[in-house]
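Here is how the chains run, residue by residue.
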Amino acid sequence: MKKVITYGSFDLFHEGHYKLLQRAKALGDYLIVGVTTEGYDASRGKLNVVDSIMERIEHVKQTGFADEVIIEDHVGQKVEDIQRYHVDVFTVGSDWTGVFDYLKKYCQVVYLERTKGISSTMLRARNYGIVRLGIIGAGRIARRMVPEAKYVSGLNTESIYHPKKEKAQAFAEKFELNNAYDDMDAFLESVDAVYIASPHETHAGYIQKALKQEKHVLCEKPLALKGAQARQLFDLAQAKRCVLMEGIKTAYCPGFIRLLGIVQSGEIGDVRDVEACFTKLEKPDTRELTDPLYGGSFTELASYPLLAIVKILGKDPQSLRFETFADEKGIDLYTKAYLRYENSLATVKVGLGVKSEGQLIISGTRGYIVVDAPWWKTKSFEARFEDSAMNEKYFSKFLGDGLRYELSDFVSMIHGFDGKNYKLTRDESVWLAEMMDRFLEERRR
Ligand code: CTP
């Protein structure tokens with residue numbers, strides 16, 4: 001019996017996929033089809049796959065060409081599969097010509113002519129249209145967003161808004177955007193969705209304006225500085241049937257999601273402690289170190305450690321205490337927050353004027369996990385145990401500045417796929433805003 005194998009994402013199953021499978025089957029007697037997992041696709045930079053893996057497998061099965069469907073979830077798997085299943089022919093479309101020649105050591109490699117004029121990428125754009133994105137703010141984070149957006153299909157960065165026209169124009173020129181505005185209404189008119197990267201205290205106002213005009217919103221953390229305000233904004237988003245998402249890049253990156261899955265599966269037992277640190281030395285003239293009302297380490301950096309804590313321990317600490325070193329203006333240069341939960345403790349450590357190891361350590365009753373610095377760009381972590389022979393290291397990709405992951409989920413949610421909501425829920429964002437409020441309240445006293 002001649003065995004043939006082929007692989008693909010098979011997203012939004014189309015004629016090109018059908019014909020490929022039909023011809024692959026005709027190359028032998030038995031066809032094995034490998035369908036990629038979402039995690040594997042994300043790790044190789046293929047974002048925005050729309051159909052779930054179960055749907056994609058179902059579509060492949062429905063063709064009747066596949067005798068067996070398997071899941072592809074890691075690099076190097078093709079070599080393993082070909083040997084394990086005693087495969088005679090490996091085949092893929094001609095868009096991959098040459099890429100899999102290394103498999104010729106194990107079996108015959110055939111590149112089938114690709115069906116012209118159709119692809120999942122084209123269908124995504126056609127079915128869902130291109131989301132026109134506008135950016136509010138022209139600072140450091142806004143500048144990172146434009147190159148990242150280029151990696152997300154179905155999205156085009158169209159306009160920039162800044163209250164100072166010259167700044168908006170300079171930004172638009174640098175990043176070759178179509179429009180630069182200092183007029184909010186005209187700006188909102190030109191886009192479907194906005195990304196807000198302005199100073200913290202302006203977020204809520206901009207979110208409200210955008211939602212009122214029925215524009216979807218992705219807002220940099222902290223989304224709001226008061227819990228009640230965050231709640232109102234999410235209510236407004238719901239009323240307007242718009243997506244409102246808080247942009248904490250860690251929440252959406254593959255490594256952090258994998259980490260949470262491992263913690264939640266009980267690998268290190270019951271979690272008793274979470275310690276998360278983020279420090280970043282800043283120049284004295286930056287907004288973070290000059291704004292006595294909203295600057296400082298906590299408002300600037302604590303969203304990340306708090307994200308890890310809320311994801312692992314939840315939203316109901318029994319107590320919360322802050323310890324801070326502030327400068328003469330009252331801006332906190334270094335802050336520790338201590339949270340006590342029913343069965344666990346947590347510590348946040350943030351500093352703009354103190355440098356420390358940017359680690360996340362999660363301790364449990366069976367073992368602990370150390371996420372290497374910078375843990376908020378989760379690339380590698382290790383589960384460690386009393387018996388060190390059991391230790392295991394995990395690796396994930398964190399591509400570019402990592403904003404492409406949240407952007408990709410933002411686009412999926414705009415298209416009505418809300419399966420990604422769990423990565424950072426409304427209630428978690430509200431809790432994060434409450435924490436900001438409690439800190440600022442205490443600092444004002
Ligand atoms: N394929 C094909 N003809 C097309 C599109 C895809 O023969 N018009 C083949 C690919 O070469 C591959 C298989 O179908 O062997 C699965 O490809 P996949 O990457 O899932 O499909 P694309 O439509 O190319 O997806 P995307 O646009 O997301 O890259």
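These numbers come from a predicted model, not from an experiment.

(A) Region of the structure containing a positive patch on the surface. A cluster of like positive charges, contributed by Arg143, Lys164, Lys167 and Lys174, occupies part of the molecular surface. Mapped onto the elements of the fold, Lys164 is located in the loop between strand 7 (155-161) and helix 7 (165-175). On the basis of relative accessible area, Lys164 is assigned to the partly exposed category, the value being 46%.

(B) Focus on the sheet that holds strand 3 (residues 68-72). In spatial order, the strands read 3-2-1-4-5; together these five strands make up an open sheet with parallel pairing. Since the sheet does not close on itself, it has two edges, and those belong to strand 3 and strand 5 (108-112), each with one partner. Strand-to-strand twist of the sheet, defined as the mean angle between neighbouring strand axes without regard to direction, takes the value 25°. Direction of pairing for strand 1 (residues 3-8) relative to strand 2 (residues 30-36): parallel, over a ladder of six bridges. Directly across from Thr6, in strand 2, lies its bridge partner Val33. Here helix 1 (residues 15-26) sits on the sheet in contact with strand 1, strand 2, strand 4 (89-93) and strand 5, set at roughly 145° to strand 2. This element, helix 3 (residues 53-62), spans strand 2 and strand 3 of the sheet and lies at about 160° to strand 2.

(C) The site of the ligand, seen in detail. Taken together, the neighbourhood of the ligand is formed by 19 residues, with Asp95, Thr115, Ile118, Ser120 and Thr121 sitting nearest. Here an oxygen atom of the ligand and a backbone polar atom of Phe10 are 2.8 Å apart. Contact distances for the ligand include 2.8 Å between a nitrogen atom and a backbone N or O atom of Thr115. Here the ligand has 570 Å² of accessible area as a free molecule, and 92% of this is covered by the chains. Every element with two or more residues in the shell around the ligand is listed here: helix 1, strand 4 and helix 5 (120-128).

(D) Focus on the packing of aromatic side chains. Tallied over the entire structure, the rule returns 19 aromatic pairs. An angle of 50° between the planes, with centres 6.1 Å apart, marks the rings of Phe398 and Tyr405 as tilted. With a relative accessible area of 7%, Phe398 lands in the buried category. Counting every residue linked through ring pairs, the aromatic cluster contains Tyr7, Phe90, Trp96, Phe100 and Tyr102. Directly above the aromatic system of Tyr7 lies the positively charged group of Lys78, at a separation of 4.8 Å from the ring centroid. The residue whose ring lies beneath Arg404 is Tyr151, and the NZ or CZ to ring-centre distance is 3.7 Å.

(E) Quick look at the pairing of strand 19 (residues 392-395). Here four bridges tie strand 18 (residues 380-385) to strand 19, and the two strands are oriented antiparallel to one another. Looking across to strand 19, one finds that Ala383 is bridged to Glu392. Between the antiparallel neighbours strand 18 and strand 19 lie six residues.

(F) How the structure looks around the packing of helix 12 (residues 254-264) against helix 15 (residues 303-313). The N-to-C vectors of helix 12 and helix 15 enclose an angle of 35°; their axes lie 10 Å apart at closest approach. The hand of the helix 12/helix 15 crossing is right-handed. Facing helix 12, whose interface residues are Phe256, Leu260, Val263 and Gln264, helix 15 presents Leu307, Ala308, Lys311 and Ile312. For the contact of helix 12 with helix 15, the per-class residue count stands at six nonpolar, one polar and one charged.

(G) Spatial organisation of the pattern of salt bridges. Evaluation of the coordinates by the stated rule reveals 24 salt bridges. Arg404 serves as the salt-bridge partner of Glu148, at 3.0 Å between the closest nitrogen and oxygen. One end of the pair, Glu148, is in helix 6 (residues 140-149); the other, Arg404, is in helix 16 (residues 403-414), and 256 residues separate them in sequence. Of the two residues, Glu148 and Arg404, neither departs from the other in class, the shared state being buried.

Here is what the cut-offs are and how they apply
Residues numbered from 1 in each chain as written. Predicted model: local features only at pLDDT ≥ 70, side-chain atom pairs only at ≥ 80, totals over all residues. Heavy atoms only, no water. Patch = residues over 30% accessible without salt bridge, like charges linked within 9 Å, V, L, I, M, F, W, Y side chains within 5 Å. Areas by Shrake-Rupley, 256 points an atom, 1.4 Å probe, with all protein chains shown as cover. Salt bridge = Lys/Arg side-chain N within 4 Å of Asp/Glu carboxyl O. Lys, Arg positive; Asp, Glu negative; His and termini not counted. Charge placed at Lys NZ, Arg CZ, Asp CG, Glu CD. Helix = DSSP H or I, 4+ residues; strand = E, 2+ residues; numbered from the N terminus. Buried < 20%, exposed > 50% of the residue type's maximum accessible area, 1.4 Å probe, protein only. Pairing = 2+ DSSP bridges. Axes fitted to C-alpha atoms, helices over the stretch in contact; angles between N-to-C directions. Contact = heavy atoms within 4.5 Å. Near = heavy atom within 4 Å. Polar contact = N/O pair within 3.5 Å; in protein donor to acceptor, adjacent residues only side chain to side chain. Phe/Tyr/Trp six-rings, centres within 6.5 Å; stacked < 30°, edge-to-face > 60°. Lys NZ or Arg CZ within 6 Å of the ring centre and 35° of its normal. Left-handed = near helix turned anticlockwise from the far one by under 90°. Nonpolar A, V, L, I, M, F, W, Y, C, P; charged D, E, K, R; others polar.

It is worth stressing that arrangement in space is one thing and function is another; only the former is reported here.
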